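Residues per chain, in single letters:
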Amino acid sequence: MQNKLIKLVAKSARHSKNQIVGAVRPASYLKDLSQQQVGKGKTVLITGASSGLGEGMARLFASLGYNLAICARRTDRLEHLKSEMMDKYPDIRVEYQALDVSDYDTVFQVFDAFADDFGSIERVVVNAGIGDSRRIGKGHFETNRRTADVNFVAALAQCEAAMNIFRAQNNGHLVVISSMSAMRGLPRHLTTYGASKAGLAHLAEGIRADMLLTNLPIKVSTIYPGYIRTEINEALSHYRSKSIQIRVLKQLSQLSKRVWMKPVCRACLGLWSAMR
């Protein structure tokens with residue numbers, strides 16, 4: 001019993017050290033992992049991989065030796081990404097499929113097809129989402145409903161499909177991309193977006209609790225990115241007043257000063273250390 005406890009403490013200490021190093025020096029940490037090719041023989045499935053964080057994470061995982069199962073609506077971008085990654089990393093395998101995550105039945109079909117094709121899926125990143133919401137009570141219900149649907153209900157479908165695979169494998173790692181906007185209610189175009197991301201974070205927390213209660217070897221991580229230069233943040237262009245844009249950005253920066261306005265490549269370095 002004592003030896004088991006010592007091993008558990010040592011393992012926890014090593015994990016904490018890796019997280020600290022990854023947070024303080026992510027580029028150096030990832031360089032070491034890339035040299036080790038820690039993802040060799042493993043497969044990561046990423047939704048919304050045609051741009052933004054999804055594309056950035058695909059590039060990062062490829063550099064670590066992971067096979068890529070990528071999906072999104074814009075298959076022309078996925079084809080370009082596949083070609084680029086296979087040219088740069090010839091030892092990995094990259095496959096893509098078209099997927100609109102709001103088509104729930106297709107979510108399950110695509111995930112299962114990837115699992116059959118690759119044999120197993122070690123990690124699923126639930127990343128696909130939109131940020132096109134509006135102020136409540138201004139006649140934009142359909143826009144807000146669409147945001148809530150894609151960011152929460154469609155994410156639920158992805159979590160269901162991923163957990164089906166992981167339960168069958170008896171292992172896996174579910175990663176959901178929430179947002180710092182989930183930490184509190186936010187005004188204007190962020191109201192519905194933040195609420196949908198808060199719902200997603202609580203969903204992941206519940207799945208994690210279920211895994212702990214049932215003692216299943218499936219990990220669940222919730223990532224809370226701050227304001228990053230991605231296409232999803234083009235919603236700020238709806239503000240005609242520059243002063244309003246600045247006020248919104250300042251409010252976001254108070255929630256997450258470390259990742260506010262970081263480019264995708266730098267943000268993904270930090271996301272990796274959180275996933276570990």
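Everything below is about the structure printed above this text.
Residues numbered from 1 in each chain as written. Predicted model: local features only at pLDDT ≥ 70, side-chain atom pairs only at ≥ 80, totals over all residues. Heavy atoms only, no water.

Peer 1: Can you tell me about the overall build of the protein, naming the residues and giving the values?
Peer 2: The helix and strand inventory of the protein stands at nine helices and six strands. Across the 276 residues in the protein, those meeting the buried criterion constitute 48%. Across the protein, the fraction of contacts at a sequence separation of at least 24, relative to all contacts at a separation of at least 6, is 73%. Surface summary for the protein: the accessible area is close to 14,300 Å², and the carbon and sulfur share equals 52%. (Helix = DSSP H or I, 4+ residues; strand = E, 2+ residues; numbered from the N terminus. Buried < 20%, exposed > 50% of the residue type's maximum accessible area, 1.4 Å probe, protein only. Contact = heavy atoms within 4.5 Å. Areas by Shrake-Rupley, 256 points an atom, 1.4 Å probe, with all protein chains shown as cover.)

Peer 1: Outline the packing of helix 3 (residues 52-63) against helix 4 (residues 75-88), supporting the account with residue identities and numerical values.
Peer 2: At a minimum axis separation of 11 Å, helix 3 and helix 4 run at an interaxial angle of 20°. Between helix 3 and helix 4, the interaxial angle falls into the category roughly parallel. Classified by chirality, the crossing of helix 4 by helix 3 is right-handed. The residues of helix 4 that touch helix 3, namely those facing E55, A58, R59 and A62, are L81, E84 and M85. (Axes fitted to C-alpha atoms, helices over the stretch in contact; angles between N-to-C directions. Parallel < 35°, antiparallel > 145°, perpendicular 65-115°, else oblique. Left-handed = near helix turned anticlockwise from the far one by under 90°.)

Peer 1: Tell me about the environment of M180, and name the residues and values.
Peer 2: By the secondary structure assignment, M180 is in the loop between strand 5 (172-177) and helix 7 (191-214). A C-alpha to C-alpha distance of 8.9 Å links M180 and A198, two positions 18 residues apart in sequence.

Peer 1: How would you explain helix 5 (residues 104-118) if you had to name every residue and give the values?
Peer 2: In this model, helix 5 (15 residues) spans 22 Å end to end at C-alpha, consistent with the 21 Å of a helix rising 1.5 Å per residue. Buried within helix 5 are the following residues: T106, V107, V110, F111, F114, A115 and F118. The inward-facing, buried residues of helix 5 abut strand 1 (43-47), strand 2 (67-72), strand 3 (94-98), strand 4 (123-126) and helix 6 (141-169). G119, located one to two residues past helix 5, shows a positive phi value of around 95°. (Expected span 1.5 Å × (residues − 1).)

Peer 1: Requested: an account of the pairing of strand 2, with residues and values cited.
Peer 2: Regular strands have side chains that alternate between both faces of the sheet. The element strand 2 is extensively covered by neighbouring structure, given that six of its six residues are classed as buried. Residues N67, A69 and C71 of strand 2 are buried on one face, and the alternating residues L68, I70 and A72, pointing to the opposite face, are buried as well. Where strand 1 meets strand 2, five bridges bridge the pair, whose relative direction is parallel. Bridge pairing links T47 to C71 in strand 2. Once the chain exits strand 1 it traverses helix 3 before rejoining the sheet at strand 2, and the crossover so formed is right-handed. Pairing of strand 2 with strand 3 involves five bridges; the strand directions are parallel. Counted as the bridge partner of A72 is A98 from strand 3. (Pairing = 2+ DSSP bridges. Right-handed = clockwise from strand over helix to strand, strands pointing away.)

Peer 1: So what's going on with the sheet that holds strand 2? Residues and values would help.
Peer 2: If you trace the six strands from one edge of the open sheet to the other, you get 3-2-1-4-5-6, paired in parallel fashion. Two strands in the sheet have a free side with no partner beyond their single neighbour: strand 3 and strand 6 (218-223). Each strand axis lies, on average, 15° off the axis of its neighbour in the sheet, ignoring direction. Sheet topology note: the strand 1/strand 4 ladder contains three bridges and is parallel. Each residue of the ladder has a partner; that of L45, found in strand 4, is V124. Here helix 3 sits on the sheet in contact with strand 1, strand 2, strand 4 and strand 5, set at roughly 170° to strand 1. Sheet contacts for helix 6: strand 1, strand 4, strand 5 and strand 6; angle to strand 5, the most-contacted strand, approximately 170°.

Peer 1: Please give an account of helix 7 that cites residues and values.
Peer 2: The periodicity of an α-helix, 3.6 residues per turn, causes residues three or four places apart in sequence to face the same way. Helix length check: helix 7 (24 residues) gives 35 Å between terminal C-alpha atoms against 34 Å at 1.5 Å per residue, within 8%. Those residues of helix 7 that fall on the buried side of the exposure criterion are T192, Y193, G194, S196, K197, A198, L200, A201, L203, A204, I207 and M211. Among the residues trailing helix 7, N215 stands out with phi positive, at a value near 60°.

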